[in-house]
Amino acid sequence: MQCDACRREAVIYQPYSGKHLCPAHFLRDFEAKAKHTIRSNGWLHPGDHIAVALSGNAAGAALLVFLKDLTANRRDIRLSAITIDTGISSCPDLMQAQKTAAACGVEWFPCSFAERYGTTMDALVQRDGPQAARCACRVLRDDLLGEIARAHGVTRCAFATTVDDSAGKFFSDLLSGTVERTLFPPGMMGKTRIPGIRPFMDIPEPEVILYAGLRSGETISCNTLPPGPCAGSVSVDADVRAALDTYARRHPATKFALANLAGTLAGIAAARGPPLSCPACGEPAVGGECEACHIRRTVERGTES
Ligand SMILES: [Zn+2]
Ligand SMILES: [Zn+2]
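The numbers attached to residues start from 1 for each chain and follow its sequence in the written order. Written order determines the labels here, with chains lettered from A and ligands numbered from 1. For this predicted model, a pLDDT threshold of at least 70 governs which residues receive local features, and a threshold of 80 or more governs which side-chain atom pairs are given and counted, while totals over whole chains, interfaces and linings are taken from all residues. Each side-chain value is worked out from all heavy atoms of the structure, with water and hydrogens disregarded.

Enquirer: What is the right way to read the coordination of the zinc ion (ligand 1) from this model?
Expert: Each angle at a metal carrying four tetrahedral donors should ideally be 109.5 degrees, and each at a metal carrying six octahedral donors should ideally be 90 or 180 degrees. Listed donors are limited to N, O and S atoms within 2.8 Å of the metal, widened to 3.2 Å for Na, K and Ca; water is not among them, so incomplete-looking sites are possible. Every protein donor of the zinc ion (ligand 1) is listed here as Cys3 (SG), Cys6 (SG), Cys22 (SG) and His25 (ND1), and their distances to the metal cover 2.0 to 2.3 Å. Square planar and octahedral sites, with four and six donors, are those where opposite donors lie more than 155 degrees apart and all other angles lie between 65 and 115, tetrahedral sites have four donors with every angle between 85 and 135 degrees, and the rest are irregular. Coordination geometry of the zinc ion (ligand 1): the 4 donor atoms subtend angles of 101 to 113 degrees at the metal centre, consistent with an arrangement described as tetrahedral. Spacing between the donor residues of the zinc ion (ligand 1) along the chain follows C-x2-C-x15-C-x2-H. You'll find Cys22 and His25 in the same group, each marked buried. Whether a residue is buried, partly exposed or exposed follows from its accessible area with a 1.4 Å probe, protein chains only, as a fraction of its type maximum: under 20%, in between, or over 50%, in that order.

Take a look at the structure:
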C-alpha cells in the first residue's frame with residue numbers, strides 16, 4: 001500500500017484517519033500530534049527540568065528520544081530520566097533503561113522499591129494478590145518517583161501514557177465501579193506533588209511502538225522489555241484489556257472516545273470541586289482517607305520520608 005502523502009511504501013494504516021503513511025510522513029504526523037498536546041496543555045516552560053519515567057520499555061524510550069529532539073535547542077530546559085526498579089523477577093533488565101538514557105546523553109537516576117520500602121512487587125503480589133499489588137505499585141512508584149524528582153530539582157515528570165492506557169484504565173474503572181479515580185485523577189507525583197505530563201496521551205499505543213522502532217536505528221536500542229505489571233495499560237486486568245481490544249478492532253474510534261470521555265468527566269468534576277479531600281495528603285477523596293494513603297500506611301516504611 002502506498003503512502004497517502006507521497007508514493008513511498010506505507011508502514012502504517014490509521015483506521016481513525018483513514019490514512020496510509022510512509023515512515024517519513026508517519027514520523028511527521030506523530031511528532032506534530034505530540035507537540036500539539038504539549039502546546040495545548042502548556043507543558044513546557046523556560047527553566048523546566050523534565051524527567052522521563054523510563055521503565056526500559058519501548059514507549060518510555062520513544063518519549064525520551066522525542067523530548068530529546070524537542071529540547072535539543074533549548075538551553076533553558078534540562079532533560080533527565082528516572083527509573084524505578086519495582087522488583088519484578090519477570091522483568092529484571094533495567095540495564096535497558098540505563099542504555100537508553102546513555103544513548104540519549106541524559107542523566108539517569110535509578111532507585112528501587114527494595115532500597116526505599118524494603119519490599120518488592122514480587123513480595124507484594126505474593127502477600128496481597130495481583131490486583132491489590134498493582135494498586136500499591138502505582139502509589140508507591142509515584143511517591144518514589146516524586147521523591148527522586150524532588151531531590152534532583154525536577155519540575156515535571158513525563159510519562160509515555162497512550163490513548164490505549166487512558167481508555168483501558170477508564171473502561172476498567174467503569175467495570176469495577178471505581179470511577180472516582182477517573183473523576184479525580186491525581187495530577188501530581190505522589191506526596192511531592194510534582195506535576196506529571198503525558199505528551200503521547202492522544203496517540204494510540206501501536207503508533208508509539210512503531211515510533212520507537214523507527215527511531216531505534218538512530219539513537220536508541222529498543223530490545224523492548226515487557227512493560228511492568230503496573231505500567232500503563234498493563235495495570236488493567238488482562239481480560240478487561242482483551243475485551244476492549246476485541247471491540248476496538250471493529251470500532252476504531254472506541255479508545256479515543258473512552259479516553260476523551262474520561263478527560264471530559266474529570267474536567268466537569270474539577271470545575272465543581274472535589275466532594276472531600278483526604279485529611280492526610282489533601283488529594284481528592286470520596287470520604288476519609290484516600291486509597292493512596294491507605295496503601296502507604298499498610299506498606300511497611302511506606303509512609304516514612
Ligand atoms: Zn509519505
Ligand atoms: Zn491521602
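Next, the rest of the story.
Enquirer: Mind showing me how you'd approach the coordination of the zinc ion (ligand 2) here?
Expert: The protein atoms that coordinate the zinc ion (ligand 2) are Cys278 (SG), Cys281 (SG), Cys290 (SG) and Cys293 (SG), at distances of 2.3 Å. Around the zinc ion (ligand 2) sit 4 donor atoms; with metal-centred angles ranging over 106 to 113 degrees, the donor geometry is tetrahedral. If you list the donors of the zinc ion (ligand 2) from N- to C-terminus, the spacing comes out as C-x2-C-x8-C-x2-C. On the criterion of sequence distance, the pair formed by Cys278 in the loop between helix 11 (254–272) and helix 12 (291–298) and Cys293 in helix 12 is long-range, its members being 15 residues apart. Only DSSP runs of H or I covering at least 4 residues are called helices, and only runs of E covering at least 2 are called strands; the numbering of each starts at the N terminus.

Enquirer: Honestly, the packing of helix 2 (residues 58–70) against helix 3 (residues 95–104) in this entry has me stumped. Any pointers?
Expert: In helix packing, the relevant descriptors are the interaxial angle and the interaxial distance, both defined with respect to the helix axes. To obtain each axis, a line is fitted to C-alpha atoms, and for helices this fit is confined to the stretch in contact; angles are then taken between N-to-C directions over 0 to 180 degrees. For the pair helix 2 and helix 3, interaxial distance at closest approach is 10 Å and the crossing angle is 15 degrees. Comparing the axis directions of helix 2 and helix 3 gives the class roughly parallel. The element helix 2 and its partner helix 3 pack so that their crossing is right-handed. Of the residues in helix 3, those touching helix 2 at Ala61, Leu64, Val65 and Lys68 are Thr100, Ala101 and Cys104. Here the term charged refers only to Asp, Glu, Lys and Arg, the term nonpolar to Ala, Val, Leu, Ile, Met, Phe, Trp, Tyr, Cys and Pro, and the term polar to all other amino acids, Gly among them. Across the contact of helix 2 with helix 3, the residue classes break down as 5 nonpolar, 1 polar and 1 charged. Here is the rule for angles: anything less than 35 degrees is roughly parallel, anything more than 145 is roughly antiparallel, 65 through 115 is roughly perpendicular, and the remaining ranges are oblique. Each crossing gets its hand from how the near helix is turned against the far one by less than a right angle, where anticlockwise is left-handed and clockwise is right-handed. Residues are treated as being in contact if the distance between any of their heavy atoms lies within 4.5 Å.

Enquirer: Sorry if this is basic, but what is going on with the packing of aromatic side chains here?
Expert: The way to describe two aromatic rings as a pair is by their centre distance and the angle between their planes. In summary, the pairing rule links any two rings of Phe, Tyr or Trp, Trp by its six-membered ring, whose centres are within 6.5 Å, and it sorts them by plane angle into stacked for under 30 degrees, edge-to-face for over 60 and tilted for everything else. For the structure shown, the criterion picks out 6 aromatic pairs. Between Phe30 and Phe200, the ring centres sit 5.1 Å apart and the planes meet at 70 degrees, which makes this aromatic pair edge-to-face. Placement of Phe30 in helix 1 (residues 23–41) and of Phe200 in the loop between strand 8 (194–197) and helix 9 (205–216) is noted, with a sequence separation of 170 residues between them. Taking the relative accessible area as the measure of exposure, Phe200 reaches 0% and is therefore buried. What links up through ring pairs into an aromatic cluster is the set Phe26, Phe30, Phe66, Phe200 and Tyr211.

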